[in-house]
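# Overview (structure and organization)
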Amino acid sequence: MEVGLLYSRIRPDEKLLLTELRERGHEVHKVDVRETTFGLGEAPEPLGDCDVVLDRCLATSRSKYATRFLAHYDVPVVNNPETARVCADKVETSLALADAGVPTPETTVAFTKESALEAIEAFGYPCVLKPVVGSWGRLMAKIESRSAAEAVLEHKETLGHYEHSVFYVQQFVEKPGRDLRVVTVDGEPVAAMSRSSDHWLTNAATGAETAALDIDDEVERLAREASAAVGGGLLGVDLMELEDGYTVHEVNHTVEFKALNAAVDIDVAGEIVDWLEREFASEEAATAGAEA
Ligand SMILES: Nc1ncnc2c1ncn2[C@@H]1O[C@H](COP(=O)(O)OP(=O)(O)OP(=O)(O)O)[C@@H](O)[C@H]1O
């Protein structure tokens, strides 16, 4: 297979994928998105010749448009632009999950600080204010009082990027000190872990402790449904445990899996490449890969 890897920084996750692809004899083209331009005609070389391009861009704006261009050139891309569009934006994700009947935390969106304050008061304290675009728990605020709400809203309105004037207010979920991450390929769970922390932010990027997780039927079903809701592909579905069931708070479209790979006995990159081969290798490429 010829695989394009669109990146701006090669993280350990990309290294794992590159190693796995090369060991299997696939030809990999690393393309730095910062040095590439996308026109309306032909695909930039060498992306046009690839059997599949992996979008591993860090910036959601780059992911969103680059995947769109690749689809325009008829080059298969993981993830597809619809998935990237939905997952890159927390409002879109919440709507997609709600439309599909997947349980997700109650959320209200407001466009001024006055109406955001009303939404916060309606949830009561604590509640959560999240940037609509962003990851690694950055700029997420747990709001514990009206005075804190007023201060954060004023900061966002005065100092924030224009996206910060979309106020995404969410119920605070009383989770048991951890959340769950399931990596899926077209809905099929590959591996899962829990991420525990004393901090309310329990994602691995904030230094949470990770542990392998055997998922139950309910988590598997929700991971499948969440994947389908956002358009499928290679995803990280994040869930929190409730007293009775689960709630899906995020679906990641350029999923990091280094921490997961270290936590489980499964070769996550290997499973991902197995899936890429199944989905995107032409018959001759698959044979070449098998012979290598
Ligand atoms: N509504 C909520 N109630 C309680 N805790 C929450 C809520 N939403 C998120 N969290 C906690 O905050 C962490 C980060 O949340 P979220 O995944 O939405 O942010 P993010 O910036 O997109 O992070 P990442 O991209 O690393 O997954 C979660 O792992 C979870 O522990």
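Residues numbered from 1 in each chain as written. Predicted model: local features only at pLDDT ≥ 70, side-chain atom pairs only at ≥ 80, totals over all residues. Heavy atoms only, no water.

## Focus: the overall build of the protein chain
Broken down by element type, the protein chain carries 10 helices and 13 strands. Over its C-alpha atoms the protein chain spans a radius of gyration of 20 Å, differing by no more than 12% from the 19 Å that the globule rule assigns to 292 residues. The C-alpha extent of the protein chain, read off along each of the three principal axes, is 65 × 45 × 30 Å. For the protein chain, the residues scored as buried account for 48% of the 292 residues in total. Accessible surface for the protein chain amounts to roughly 13700 Å². Of this, 47% is attributable to carbon and sulfur atoms. Across the protein chain, the 27 positively charged side chains and the 54 negatively charged ones have centroids separated by 6 Å. (Helix = DSSP H or I, 4+ residues; strand = E, 2+ residues; numbered from the N terminus. Rg over C-alpha atoms; globule rule 2.2 N^0.38 Å. Buried < 20%, exposed > 50% of the residue type's maximum accessible area, 1.4 Å probe, protein only. Areas by Shrake-Rupley, 256 points an atom, 1.4 Å probe, with all protein chains shown as cover. Lys, Arg positive; Asp, Glu negative; His and termini not counted. Charge placed at Lys NZ, Arg CZ, Asp CG, Glu CD.)

## As for the site of the ligand
Near the ligand you find 26 residues, and of these Lys 90, Gly 137, Asp 179, Thr 202 and Glu 250 are the closest. Here a nitrogen atom of the ligand and a backbone polar atom of Val 173 are 2.8 Å apart. One of the side-chain N or O atoms of Lys 175 is found 2.9 Å from a nitrogen atom in the ligand. Considered on its own, the ligand offers 620 Å² of accessible surface; in the complex 98% of this is hidden by protein. Where the shell around the ligand is concerned, the elements lending two or more residues are strand 6 (127–130), strand 8 (167–171), strand 9 (178–185), strand 12 (234–242) and strand 13 (245–252). No other element matches strand 13, which puts three residues into the shell around the ligand. (Near = heavy atom within 4 Å. Polar contact = N/O pair within 3.5 Å; in protein donor to acceptor, adjacent residues only side chain to side chain.)

## So, the confidence of the model for the protein chain
Residue-level pLDDT values for the protein chain average 94, and 96% of them are 70 or greater. Here the predicted complex carries an ipTM of 0.95, next to a pTM of 0.94. (pLDDT = per-residue confidence, 0-100.)

## Concerning helix 6 (residues 146–159)
For helix 6, with 14 residues, the first-to-last C-alpha span of 20 Å sits near the 20 Å given by 1.5 Å per residue. Of the residues making up helix 6, those classed as buried are Ala 149, Leu 153 and Lys 156. Buried residues of helix 6 fall within an arc of 65° about the axis and therefore sit on the same side. Turned more than 90 degrees from where helix 6 packs its buried face, Ser 147, His 155, Thr 158 and Leu 159 sit exposed. In this structure, the buried residues of helix 6 make contact with helix 5 (113–123), strand 6, strand 7 (141–143) and strand 8. (Expected span 1.5 Å × (residues − 1). Arc of directions from axis to C-beta. Contact = heavy atoms within 4.5 Å.)

## Re the pattern of salt bridges
A pair can form between side chains of opposite charge whenever their charged atoms are brought close. All told, the structure shown has 23 salt bridges when counted by the stated rule. Of the charged contacts in the structure, one is a salt bridge between Glu 256 and Arg 11, with a shortest N-O distance of 2.7 Å. Here Glu 256, found in the loop between strand 13 and helix 8 (258–263), pairs with Arg 11, found in the loop between strand 1 (2–7) and helix 1 (12–23); they are 245 residues apart in sequence, far enough to count as distant. You can call Glu 256 partly exposed: its relative accessible area is 29%. With a relative accessible area of 5%, Arg 11 lands in the buried category. Residue Arg 224 pairs with Glu 220 through a salt bridge whose shortest N-O separation is 2.8 Å. With Arg 224 and Glu 220 both in helix 7 (residues 217–230) and four residues apart, the pair spans about one turn of that helix. (Salt bridge = Lys/Arg side-chain N within 4 Å of Asp/Glu carboxyl O.)

## Brief notes about the side chain of Ser 94
Locating Ser 94 in the fold gives a position in helix 4 (residues 90–99). What makes Ser 94 buried here is its relative accessible area of 13%. Apart from the residues lying within four places of it in its own chain, the contact partners of Ser 94 are Thr 104, Thr 107 and Tyr 168.

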